[in-house]
Structure formats: C-alpha cells, structure tokens
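Listed below, chain by chain, are the residues.
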Amino acid sequence: MKIYLATGNVNKKREVQELFPEHTIVIPKDEGIDFDPEETGTTFYENSLIKARALYELVKCPVLADDSGICVDALDGAPGIYTSRYAGPDFMKGKPDGSKISQEEQNAFLVRQTREAVEKGKAPGPSAHYTCSMVLYMGKDRLFVAQETMEGEIIGNIEESRGTGGFGYDPIFYLPEEKRTAAELTADEKNAISHRGKASRIIKSIADQLLSESK
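Note that the coordinates shown come from a computational prediction; the quantities given were computed from them, not determined experimentally.

Conventions adopted
- Residues numbered from 1 in each chain as written.
- Predicted model: local features only at pLDDT ≥ 70, side-chain atom pairs only at ≥ 80, totals over all residues.
- Heavy atoms only, no water.
- Helix = DSSP H or I, 4+ residues; strand = E, 2+ residues; numbered from the N terminus.
- Rg over C-alpha atoms; globule rule 2.2 N^0.38 Å.
- Buried < 20%, exposed > 50% of the residue type's maximum accessible area, 1.4 Å probe, protein only.
- Contact = heavy atoms within 4.5 Å.
- Areas by Shrake-Rupley, 256 points an atom, 1.4 Å probe, with all protein chains shown as cover.
- Lys, Arg positive; Asp, Glu negative; His and termini not counted.
- Charge placed at Lys NZ, Arg CZ, Asp CG, Glu CD.
- Pairing = 2+ DSSP bridges.
- Polar contact = N/O pair within 3.5 Å; in protein donor to acceptor, adjacent residues only side chain to side chain.
- Core = buried A, V, L, I, M, F, W, Y, C linked by side-chain atoms within 4.5 Å.

1. Notes on the overall build of the chain
Assigned secondary structure in the chain consists of five helices and seven strands. Reading the chain from its N end, one meets helices and strands in the order β-α-β-α-β-α-β-β-β-β-α-α. Whereas a compact globule of 215 residues would reach a radius of gyration of roughly 17 Å, the chain reaches 17 Å, a difference of no more than 12%. When its C-alpha atoms are laid out on the principal axes, the chain stretches across 55 × 40 × 25 Å. The proportion of buried residues among the 215 residues of the chain is 46%. Of the contacts formed within the chain by residues at least 6 apart in sequence, a portion of 56% connects residues at least 24 apart. Surface exposure of the chain reaches about 10600 Å², of which carbon and sulfur atoms provide 49%. Separation between the mean location of the 27 positive side-chain charges and that of the 35 negative ones in the chain comes to 2 Å.

And the structure:
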C-alpha cells in the first residue's frame, strides 16, 4: 500500500519506512507537493489529525500523520506539543517571529531548565517521556488513532549528552533500563521501545488488515 506521510522530516520518513517495510512511504516533497499546515491543536492528537486531513485533501490517498514531542515532568509536561519550536525558558512555545534555534541549543536549554526545576523541587527527578500520536486517515469519516509513550529522563548536564543515532532530543534522553541515551540505540533497538515504534505497530496492524481486505 502506498501511504503518504504528513511531514517534511526525512528522519521521520526513514523511521516510519523501517516500521512499515511492506508499504511504500512517501512524503509530500517527494512528489513536489507544497505542504505546511498550521498546527493549531492543543494536543498531540489534534495536531496529527490536522496534518492528516490537510494532506488527504491534496492526495486523496491513505495518509499517515504523527505529532510527537518530549514532555518533562518538572516542567509540567513542557515543551510537549511545542517541542520543535521550544527555544528555552523565555520562549517555551517558540519565538514570536517563528524562527528556530539549533537542536544543540534546544538540548542545552532543556537540560539546564530541567535541572534547575528539579533543584527547586518542581519534581523529585528529571523524569520525562516522549509522546507520539499517530493517525491513519482513510477519509473524512474513516480514521484510526494510536498514542504511545517512551519513558526516560533528561540527563543532568549537557556534557553527558551521548550518541549519534536517532534525532532531536535523543542524545539527552536517558533510558535507565538500557543505561544508554536514545541516541545510543540502534535503529532496531529504538523502534522496539520508542513511542513512535509502539504507535506504528498498532497502526501497521490496521494497515495490513486493510491491505488484505483490498486484495
């Protein structure tokens, strides 16, 4: 089955293609489609649905969309849905002009902000989780949703950042059970336990069923 993935992020495309090997994953820019919907939702699910609907209206084919982010307990779940726009404590929801800082700066800000919040007693530790809300959109009244998490914690100092795999905040997201950061996992190891991997497996089982029904 050809499935459009509602993102411009090639790293997400790579991860999702690994998780859906029997299907062909295509992102809008692969076919020269201009796609940049405004994400006005207040939850991961709402934003994933906005993206799915917007792309479906353009391609009229099955669309997979996800919205994901990192949620820190000591920061009351922030940056959450603003993960990609997060620019430190002064710009928790992103800069007013829409500009973004580098991932390295985001990582450094989040590590320091989490540590300071824990020191102030906002939470007993630097616990955090990734959340992924994934939608398989088959039409206006036909859609399937899965939402999952990956539990871990934020490292104590940016100097402890490790790993070259994954992307985003993975080098600062420590997994106590693995004794490694998410960026130190292989692709297969990460897909087995990640928020996106777990949500993808649920959605994939649905997609596989739909494919078998269409034969």
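From this point, the narrative continues.
2. With respect to unusual backbone geometry
A cis amide bond links Ala78 with the next residue in sequence, Pro79, at an omega value of 0°. Its location among the elements puts Pro79 in the loop between β3 (63–72) and α3 (103–119). One non-glycine residue, Asp76, adopts positive backbone phi at about 60°. Tracing the chain through its elements places Asp76 in the loop between β3 and α3.

3. Some thoughts on the pairing of strand β4 (residues 127–139)
For β4, the buried fraction is high: twelve of the 13 residues fall into the buried class. Bridging between β3 and β4 involves ten bridges; their strand directions are antiparallel. What sits directly across from Ile70, in β4, is Tyr130. Where β4 meets strand β5 (residues 142–154), twelve bridges bridge the pair, whose relative direction is antiparallel. Paired with Leu136 across the two strands is Phe144, which belongs to β5. The loop that links β4 with its antiparallel partner β5 comprises two residues.

4. A word on the environment of Thr149
Turning to its location among the elements, Thr149 is positioned in strand β5. Once the C-alpha coordinates of Thr149 and Pro21 are considered, the two residues, 128 residues apart in sequence, prove to be 22 Å apart. The residues contacting Thr149, other than those within four sequence positions of it, are His129, Tyr130, Thr131, Ile193, His195 and Lys198. In this structure the side chain of Thr149 is engaged in a polar contact, spanning 3.0 Å, whose partner is the side chain of Glu151.

5. Some remarks on the nonpolar core
Ranked by internal contacts, the top residues of the largest apolar core, which has 21 residues, are Ile70, Val72, Leu110, Ile154, Tyr169, Ile172 and Phe173. At the level of elements, β3, α3, β4, β5 and β6 (173–175) are the ones that each hand at least two residues to this core. When residues in this core are grouped by element, the largest group, three residues, is from α3. Apart from residues no more than four positions distant in its own chain, Ile154 is found in contact with Ile70, Val72, Leu110, Val111, Thr114, Pro126, Ala128, Ile172 and Phe173. Val16, Ala146, Ala199 and Ile203 belong to the second-largest nonpolar core, a separate cluster that totals 17 residues.

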